[in-house]
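# Coordinates in review
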Amino acid sequence: RRTVELKHGRISMLATMGYITPEITGKFPGDLSPSAGLKFADVPNGLAAISKVPAMGWAQVVAYAGFCELSAGSDDWKTGTPGDYGFKVLTSSDPAEKTKKLSAELANGRLAMMAIIGMFFQDGLTGSAWGDWALYTDSPLRAFENELGVQPPTGFWDPAGFCSDGDAQEFYRRRCVEIKHGR
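What you see is a predicted model; the values in this text were computed from it and never measured. (Residues numbered from 1 in each chain as written. Predicted model: local features only at pLDDT ≥ 70, side-chain atom pairs only at ≥ 80, totals over all residues. Heavy atoms only, no water.)

## Let's talk about a nonpolar patch on the surface
- On the surface, Leu47, Ile50, Trp58, Val61, Ile117 and Phe120 cluster together to form a nonpolar patch covering roughly 510 Å² of accessible area.
- Examined against the element boundaries, Ile117 turns out to sit in helix α4 (residues 95-126). (Patch = residues over 30% accessible without salt bridge, like charges linked within 9 Å, V, L, I, M, F, W, Y side chains within 5 Å. Areas by Shrake-Rupley, 256 points an atom, 1.4 Å probe, with all protein chains shown as cover. Salt bridge = Lys/Arg side-chain N within 4 Å of Asp/Glu carboxyl O. Helix = DSSP H or I, 4+ residues; strand = E, 2+ residues; numbered from the N terminus.)

As structure tokens, this is what we get:
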């Protein structure tokens, strides 16, 4: 299990950086697919890129992922050293330092798994890789945007969904109860 968690964490760290990097640094110059006349600059960031990449491009991605899966040494769970491929440049020969670094990698991988799923969700709702919430007009959070207590950057905050029905009278009652009880 730890081997799989480390692998997914590493993939998620790469995916998170892959989602962010084109926005910050720009895209490669030149053609992505000369036969299709597709340039790197023509491919949007985020989930919208899925439909723009040619089928042979996806075949290359799948082939490379399969190569990585099959050649990465999946027997490390038998030796009791998940994720350790003997590459000591990033880890350490000192057992205490190695444990510290591998624990940090595990924690960062877990964070990256949550981050990339959040980025996908945000992109899916807004249609933008950076999640421009102004584009998401169907949001139930917009029902009470002009009420007292609405603050940036979250706007109207109702994580439990109590106000999703849009009933202004019920919202007013809840707001009175909230203020009465001191928030």
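Moving on from the model shown.
## Description of the packing of aromatic side chains
- Following the criterion strictly, the structure yields three aromatic pairs and no others.
- The interplanar angle of 70 degrees and the centroid separation of 5.6 Å between the aromatic rings of Tyr19 and Phe120 together place this pair among those described as edge-to-face. Note that Tyr19 is positioned in helix α1 (residues 2-25) and Phe120 in helix α4, a separation of 101 residues in sequence.
- With a centroid separation of 5.5 Å and 70 degrees between ring planes, the pair formed by Phe28 and Phe40 is classed as edge-to-face. Residue Phe28 is found in the loop between α1 and β1 (31-33), and its partner Phe40 is found in the loop between β2 (38-39) and α2 (55-71); the two are separated by twelve residues along the sequence. (Phe/Tyr/Trp six-rings, centres within 6.5 Å; stacked < 30°, edge-to-face > 60°.)

## Details of helix α5 (residues 168-180)
- Over its 13 residues, α5 runs 18 Å from end to end, which matches the ideal 18 Å to within 8%, given 1.5 Å per residue.
- At the C-terminal side of α5, Gly182 shows a positive phi close to 75 degrees. (Expected span 1.5 Å × (residues − 1).)

## Considering the pattern of salt bridges
- Applying the stated criterion across every chain yields a total of five salt bridges.
- Where Glu105 meets Arg10, a salt bridge forms, and the shortest distance between an N and an O atom there is 2.5 Å. Of this pair, Glu105 sits in helix α4 while Arg10 sits in helix α1, and the two are 95 residues apart along the sequence.
- Judged by its relative accessible area of 24%, Arg10 falls in the partly exposed class. (Buried < 20%, exposed > 50% of the residue type's maximum accessible area, 1.4 Å probe, protein only.)

## A word on the nonpolar core
- Ranked by size, the top nonpolar core spans five residues in total: Tyr19, Ile20, Ile116, Met119 and Ala129.
- Only α1 and α4 provide two or more residues apiece to this core.
- Apart from residues lying up to four places away in sequence, Ile116 is in contact with Ser12, Ala15, Thr16 and Tyr19. (Core = buried A, V, L, I, M, F, W, Y, C linked by side-chain atoms within 4.5 Å. Contact = heavy atoms within 4.5 Å.)

By themselves these figures say nothing about function.
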